[in-house]
Amino acid sequence: ELSIPPAWAGREVHFVWESDGEGMVWRDAQPVQGLTKEGEKTSYILTRSLKESEPHSLTLYVELACNGLFGAGQGSMIAPPDPDRRVTLSKAELVVFNRDVYELLVDLEILLDMAQLLGEENQRSFQALYTANQMVNVCDVTDPSTFPAARDLAAAIFSQRNGESQHTIHAMGHCHIDSAWLWPYEETVRKCARSWVTVVHLMEHNPELTFACSQAQQFQWVRSCYPGLYTRIQHLAAKGQFIPVGGTWVEMDGNLPSGESMVRQFLQGQRFFQEQFGRICTEFWLPDTFGYSAQLPQLMRGSGIRRFLTQKLSWNLVNSFPHHTFFWEGIDGSQVLTHFPPGDSYGMQGRVAEMLKTVKNNKDKGRVNHSAFLFGFGDGGGGPTQKMLDRMKRMRDTDGLPRVQISTPDQLFSVLEKESSQLCTWVGELFLELHNGTYTTQAQIKKGNRECERILHDVEVLSSLAVAQDSAFQYPASQLQQLWRLLLLNQFHDVLPGSCIQLVVEDALQYYTGEQGVWLGGRSPGAAAPAWWGWGGSSPGSLVLNTLAWERTEVIASPGPGGTETLALVTVPSMGYALVQEPFEPPQPVAVRKQEDGSITMENGVIAVCLDTMGRLTSLQLLDSGRKPVTTLLQPLEITLAGGLRGSVSFSLQVGKSSTLTQEIILDATCPYLRFLTQVEWKEAHKFLKVEFPVQVRSTNATYEIQFGHLQRPTHWNTSWDWARFEVWAHKWLDLSEHGFGVALLNDCKYGASAHRNVLSLSLLRAPKSPDATADIGHHQFTYAVMPHQGSFQEAGVIQQAYNLNFPLHVVPASRAQCPAWSAFSVSSPAVVLEAVKQAGAGPEAVVVRLYEAHGSTVTAWLQTPLPVKEAMLCDLLERPLAQGRLPLEQQGLRLSFTPFRVLSPWALLQPSPWGF
């Protein structure tokens, strides 16, 4: 409760609050000002000139959090939160603010920085120093009437203009807010409100201020929890001051999400911005993630974006990235204009040193004459301050300094596009040479991500086919959107990579497995799938569902009497089902034999395996013409399944000081890979668990799966750029091949990998202690597999086998199916992968099918379906029809033309049909 003295009439009055906890001022039931000591926001302006008509008594509320701008760690910023932390309030006062003294001090700061930083060889350095000295001589601190004369001296320096060739800095307010990191999601909601209401308040008194703001999820949080603030933001967005950027649901990790997940980041984000602000974003904004997939340029272009901004590669540990403005070209040839703010930060404060660094550090200043400058406290929020703006007003066009203008992302990129004719092109991934452990840490989050991507894929496929079968079936669009948004949120660049505190991990796992989570939420439509495939009743046997777009012959396990499992070998058509009534025998059953020395061999006619008495894989041979042995070490041993359809051995051993590892090594009939079902009780500190396969293959490059394609990385360390990639990331597979033979390593939930010389390595678990002291401690289950093959990995079907490992067949009780087998979609070329089938935003009878070229080839493929297609056309990733995109309906299906790694999204309108499959 405040009471302003009447004697302060005409004075500027502030409420000062200093605390080591983040706070927010509320007035008249609305948030009005964020308070953060680290963010230099320790006062709320009550009036700029107290009038008699203004209220002199008022009530404010301060909402206070027991954490600072960077969480609640003790000792270091990234230490785990201190459960005994106490917040201290050191000051709560009503004060008179002397604006004249403040302005004088800012003048002196800029002049002194110019004198110190421009250097003795620069005339302006001496002029600034001389002027500052004159100001000191003129100014009597006890006599405010001397202040204007001192300020006039400074104004004379600041009004001396630059020449036309001077570099232009485009300053934009920004406030990077990690959606979770050293604080949980719920605290981020409050951080957004604290930071954004402060920006809105600044804009009311600084109409020139612009503010670039990303992440649709954060806008949605503010919309839900602070509707009054959100309305003000929408108004300022319409005026062009509060500028949505990025186009994605969150600033996601740039490496680990699947291709389809990345598409949904753009789809959900751009739809939100279109619905809420009347336009989509034209710049992809991802300044703080741990590297950038080589498939991102194509996904940007397909989502209406041709511009990209980041700065993270300035963190490289070994090599300095050679450009700040350039064209980035992806694996399919798509290009986007890319800019790295040369100041190497998204949290500038408007200082002279930062302006000079921006120009000096710009590696492309001979080609372009413009740079971005993002100012405002970030990571934990905070945003711009009045002092930052006042500093830059003095540098707007001051001789000796770069020209500084308050700008927008569109203004910056527009002038860069005009000057782009001499820019260089960077081809391939933007690999960050730091934080390689993020490919492995918090294994449960990474496993949950892979499983939930699979669940949502399967639910969308089955739901889309159910609608095609029965127009009365309701596609669960709103439920799927909710589940996708939970998954996309967990792909934020400090959650999925595992660089977050334990509280965030707990929230993330709940979003996967809780009552409202993806795992359970996705199962409910999936559990109804059998009913969608018939008209009720039952048939003998089982129905096996295949959600992938190629025929599969595999061993399945179904529950038997007394808790046992019954094995069967089945063939299921492409993206369809098969009714299994009479099991059939494999062409060659699995043979498991124990040798006199205690070792065990397994063979299935495709590969032959030998394990020694300690469970080490001593030989893996590809049967057929030309054998190539593969040797490595694993580990203890007994036969668990003696052969037939499946042979397996299992063992347990100690790893590290106190952890245990149990493996079942499985070989199925007809299967081309050896599977390692692994369970670990992990209790280590500062340890790293990997599995290595030394193979008899020689190649200077290994191939790694990325989103919608693959890329090659060297297996040698010739240069610093090579050895800086000692640990890299991959999705479902990596492969090392020479002409005619190779070995692939598959996995169901891992991302960290490497191939050095002839050793394939997969990173399994880590044990860091900050910012989460319990990271990865506990029980883990995962599967990896090794697949020797003839020919190239494309010819051997490595891509399809990795999908098979990740997308198991579904065995359900048979309904009254109308035919013993049925296929909804198939593709004529093995080079083309059908990645997703979903309902289009256009309506219940419209379906979008996502396909990509996976081999790196130019190919024409036919998409075939028995569904009643009325019309079809190509659309972009936002599901907007492409110009000249109409597809003729031909007898063989839809004819699609692909170049290497191209992603196509045919949109099909189905005729309403109540017929069954």
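These numbers come from a predicted model, not from an experiment.

*Asks:* Help me understand the overall build of the protein, please; the structure alone is not making it clear to me.
*Replies:* When helices and strands are tallied, the protein shows 19 helices and 49 strands. Scaling as 2.2 N^0.38, a compact globule of 917 residues should have a C-alpha radius of gyration of about 29 Å, and the protein matches this with 31 Å. Taken along the three principal axes of its C-alpha coordinates, the protein extends 100 × 60 × 60 Å. Here the protein holds 917 residues, and the buried ones make up 61% of them.

*Asks:* Just to check I follow, could you spell out unusual backbone geometry for this structure?
*Replies:* For residues that are not glycine, phi is negative in most cases, and the peptide bond is trans in most cases. Here the residue pair Ser770 and Pro771 is connected by a cis peptide bond, since its omega of 5° sits within 30 degrees of zero. With respect to the element layout, Pro771 can be found in the loop between strand 38 (759–766) and strand 39 (778–790). Residues other than glycine seldom take positive phi values, yet Met575 does so here, at roughly 40°. Along the polypeptide, Met575 turns up in the loop between strand 21 (565–572) and strand 22 (576–580).

*Asks:* Just to check I follow, could you spell out the side chain of Lys191 for this structure?
*Replies:* Position of Lys191 among the secondary structure elements: in helix 4 (residues 185–205). Residue classification places Lys191 among the buried positions, given a relative accessible area of 0%. Polar side-chain contacts of Lys191 include one of 2.6 Å to the side chain of Glu22. When sequence neighbours within four positions are dropped, the list of residues in contact with Lys191 reads Glu22, Asn67, Gly68, Leu69, Ile177, Trp183 and Gly380.

*Asks:* Would you take a moment to explain the sheet that holds strand 4 (residues 30–35) for this structure?
*Replies:* In any sheet, the strands associate via hydrogen bonds between backbone groups, in a parallel or an antiparallel arrangement. Here three strands make up an open sheet; going across it, the order is 4-3-7 and the pairing antiparallel. Every other strand in the sheet has two partners, leaving strand 4 and strand 7 (61–64) as the edge strands with one partner each. Strand-to-strand twist across the sheet, computed as the mean angle between neighbouring axes with direction ignored, equals 30°. Helix 4 rests against strand 3 (23–27), strand 4 and strand 7 of the sheet, and its axis sits at about 95° to strand 4.

*Asks:* How should I be thinking about the sheet that holds strand 37 (residues 752–756) in this particular structure?
*Replies:* Taken in spatial order, the four strands line up as 31-38-37-34 in an open sheet, and their pairing is antiparallel. What marks the edges here is a single partner per strand, and that holds for strand 31 (688–694) and strand 34 (728–729). One ladder, built from seven bridges, connects strand 31 with strand 38; its direction is antiparallel. Within the sheet, the bridge partner assigned to Phe693 lies in strand 38 and is Leu760.

*Asks:* Looking at this structure, I do not really get the nonpolar core. What am I missing?
*Replies:* The tendency in soluble globular proteins is for nonpolar side chains to be buried side by side. Of all hydrophobic cores here, the largest spans 198 residues; its most connected members are Trp196, Phe219, Phe242, Leu674 and Phe693. When residues of this core are assigned to their parent elements, the largest contribution, ten residues, is made by helix 4. Apart from residues no more than four positions distant in its own chain, Trp196 is found in contact with Ile177, Phe211, Cys213, Gln218, Phe219, Val222, Leu229, Ile233 and Phe242. In this structure, Leu462, Leu579, Val827 and Val837 belong to the second largest nonpolar core, which totals 35 residues.

*Asks:* How do you make sense of the pattern of salt bridges when you look at a structure like this?
*Replies:* Close approach of charged atoms lets side chains of opposite charge pair. Scanning the model with the defined rule gives 37 salt bridges in all. A salt bridge links Arg271 to Glu879, with the nearest nitrogen and oxygen atoms 2.7 Å apart. On the accessibility criterion, Arg271 (27% relative accessible area) is partly exposed. Take Glu879: its relative accessible area is 11%, and that puts it in the buried class. A salt bridge links Glu283 to Arg307; the nearest nitrogen and oxygen atoms lie 3.3 Å apart. Here Glu283 is found in strand 12 (residues 283–285), whereas its partner Arg307 is found in strand 13 (residues 307–309), with 24 residues between them in sequence. Given the relative accessible area of 3%, Glu283 is considered buried. With relative accessibility at 7%, the residue Arg307 sits in the buried group. One salt-bridge network, held together by shared partners, links Glu22, Glu187, Arg190, Lys191 and Arg194.

*Asks:* I would appreciate a short explanation of the packing of aromatic side chains in the present structure.
*Replies:* Following the criterion strictly, the structure yields 32 aromatic pairs and no others. With a centroid separation of 5.4 Å and 15° between ring planes, the pair formed by Tyr185 and Tyr511 is classed as stacked. Placement of Tyr185 in helix 4 and of Tyr511 in helix 14 (residues 502–513) is noted, with a sequence separation of 326 residues between them. By relative accessible area, which is 26% here, Tyr511 ends up partly exposed. Both rings, one in Trp733 and one in Phe793, keep their centres 4.9 Å apart while their planes meet at 40°; by these two values the pair is tilted.

*Asks:* Hey, could you run me through the UniProt feature "domain: Glycoside hydrolase family 38 central" (unreviewed entry) in the protein in this one?
*Replies:* Mapped onto this numbering, the UniProt entry gives "domain: Glycoside hydrolase family 38 central" (unreviewed entry) at residues 433–512. Across residues 433–512, the secondary structure splits into 65% helix and 0% strand, with the terminal C-alpha atoms separated by 30 Å.

*Asks:* Mind showing me how you'd approach helix 19 (residues 798–806) here?
*Replies:* Since the α-helix packs 3.6 residues into each turn, any two residues three or four apart lie on the same face. Of all nine residues making up helix 19, nine are buried, and the element is well covered by its neighbours. Looking only at helix 19, the buried set comprises Val798, Ile799, Gln800, Gln801, Ala802, Tyr803, Asn804, Leu805 and Asn806.

*Asks:* Where do I start with the environment of Gly343 in this structure?
*Replies:* Following the sequence through the fold, Gly343 ends up in the loop between strand 15 (335–339) and helix 9 (352–360). When the C-alpha positions of Gly343 and Val359 are compared, they lie 8.0 Å apart, and in sequence the two are 16 residues distant.

*Asks:* I'm lost on the packing of helix 1 (residues 99–117) against helix 10 (residues 386–394) in this one. Help?
*Replies:* Each packed pair of helices is defined by two parameters, the angle between the axes and the distance between the axes. Running from amino to carboxyl end, helix 1 crosses helix 10 at an angle of 55°, the nearest separation of the two axes being 10 Å. Accordingly, the angle class assigned to the pair helix 1 and helix 10 is oblique. Pair helix 1 / helix 10 crosses with right-handed handedness. Within the contact between the two elements, helix 1 uses Arg99, Tyr102, Glu103, Val106, Asp107, Glu109 and Ile110 and helix 10 uses Gln386, Lys387, Asp390, Arg391 and Arg394. Its residues assigned to classes, the contact of helix 1 with helix 10 comprises three nonpolar, one polar and eight charged.

*Asks:* Just checking my understanding: could you explain the packing of helix 13 (residues 477–490) against helix 14 for this structure?
*Replies:* Remark: helix 13 packs on helix 14, axes separated minimally by 10 Å, with the N-to-C direction vectors making an angle of 150°. With respect to their mutual orientation, helix 13 and helix 14 come out roughly antiparallel. Like other packed secondary-structure pairs, helix 13 and helix 14 cross with a definite hand, here left-handed. For the pair helix 13 and helix 14, contact is made by Leu486, Leu487, Leu489 and Asn490 and by Ala508, Tyr511 and Tyr512, respectively. Looking at the contact of helix 13 with helix 14 residue by residue, the classes come out as six nonpolar, one polar and no charged.

*Asks:* I tried to follow the pairing of strand 20 (residues 552–559) on my own but got confused; where do I start?
*Replies:* On a regular strand, each side chain points to the face opposite its neighbour's, so the side chains alternate between the two faces of the sheet. Inspection of the sheet shows strand 20 paired to strand 21 by eight bridges, in the antiparallel sense. By the bridge assignment, Val555 is partnered in strand 21 with Leu569. The hairpin formed by strand 20 and strand 21 contains five residues between the paired strands, and Gly562 there has a positive phi angle of roughly 65°.

*Asks:* Looking at this structure, how should I read the environment of Leu617?
*Replies:* Here Leu617 shows up in strand 26 (residues 617–622). Residue Leu617 is classed as buried on the basis of its relative accessible area, which comes to 1%. Sequence spacing of Leu617 and Ile600 is 17 residues, and the spatial spacing of their C-alpha atoms is 9.9 Å.

*Asks:* So what exactly am I meant to see when it comes to the environment of Ala840 here?
*Replies:* Turning to its location among the elements, Ala840 is positioned in the loop between strand 43 (832–839) and strand 44 (846–853). Looking at Ala840, the relative accessible area reads 4%, which means it is buried. Each C-alpha atom, one on Ala840 and one on Ser905, is 11 Å from the other, the two residues being 65 residues apart in sequence. Among all residues touching Ala840, those that are not within four sequence positions of it are Ala846, Val847, Val848, Glu879 and Trp907.

*Asks:* What exactly am I supposed to notice about the side chain of Thr438 here?
*Replies:* As for its position among the elements, Thr438 is in the loop between strand 18 (425–427) and helix 12 (443–469). In this structure, Thr438 is in contact with Leu256, Phe290, Lys446 and Pro497, ignoring residues within four places of it in sequence.

*Asks:* Even after reading the chapter, I still don't get the confidence of the model for the protein, so can you show me in this structure?
*Replies:* Close inspection of predicted coordinates is inappropriate in any region flagged by low pLDDT. Counting all residues, the mean pLDDT for the protein is 93, and 95% of those residues have values of 70 or more. Throughout residues 530–538 the model reports pLDDT below 50, and contacts reaching past four residues in sequence, or to other chains, amount to 38 contacts. Below pLDDT 50 for its whole length, residues 628–634 participates in 33 contacts with residues either more than four positions away or in separate chains.

Rules and cut-offs
Residues numbered from 1 in each chain as written. Predicted model: local features only at pLDDT ≥ 70, side-chain atom pairs only at ≥ 80, totals over all residues. Heavy atoms only, no water. Helix = DSSP H or I, 4+ residues; strand = E, 2+ residues; numbered from the N terminus. Rg over C-alpha atoms; globule rule 2.2 N^0.38 Å. Buried < 20%, exposed > 50% of the residue type's maximum accessible area, 1.4 Å probe, protein only. Polar contact = N/O pair within 3.5 Å; in protein donor to acceptor, adjacent residues only side chain to side chain. Contact = heavy atoms within 4.5 Å. Pairing = 2+ DSSP bridges. Axes fitted to C-alpha atoms, helices over the stretch in contact; angles between N-to-C directions. Core = buried A, V, L, I, M, F, W, Y, C linked by side-chain atoms within 4.5 Å. Salt bridge = Lys/Arg side-chain N within 4 Å of Asp/Glu carboxyl O. Phe/Tyr/Trp six-rings, centres within 6.5 Å; stacked < 30°, edge-to-face > 60°. UniProt positions renumbered as here; feature names shortened; annotations may be inferred. Parallel < 35°, antiparallel > 145°, perpendicular 65-115°, else oblique. Left-handed = near helix turned anticlockwise from the far one by under 90°. Nonpolar A, V, L, I, M, F, W, Y, C, P; charged D, E, K, R; others polar. pLDDT = per-residue confidence, 0-100.

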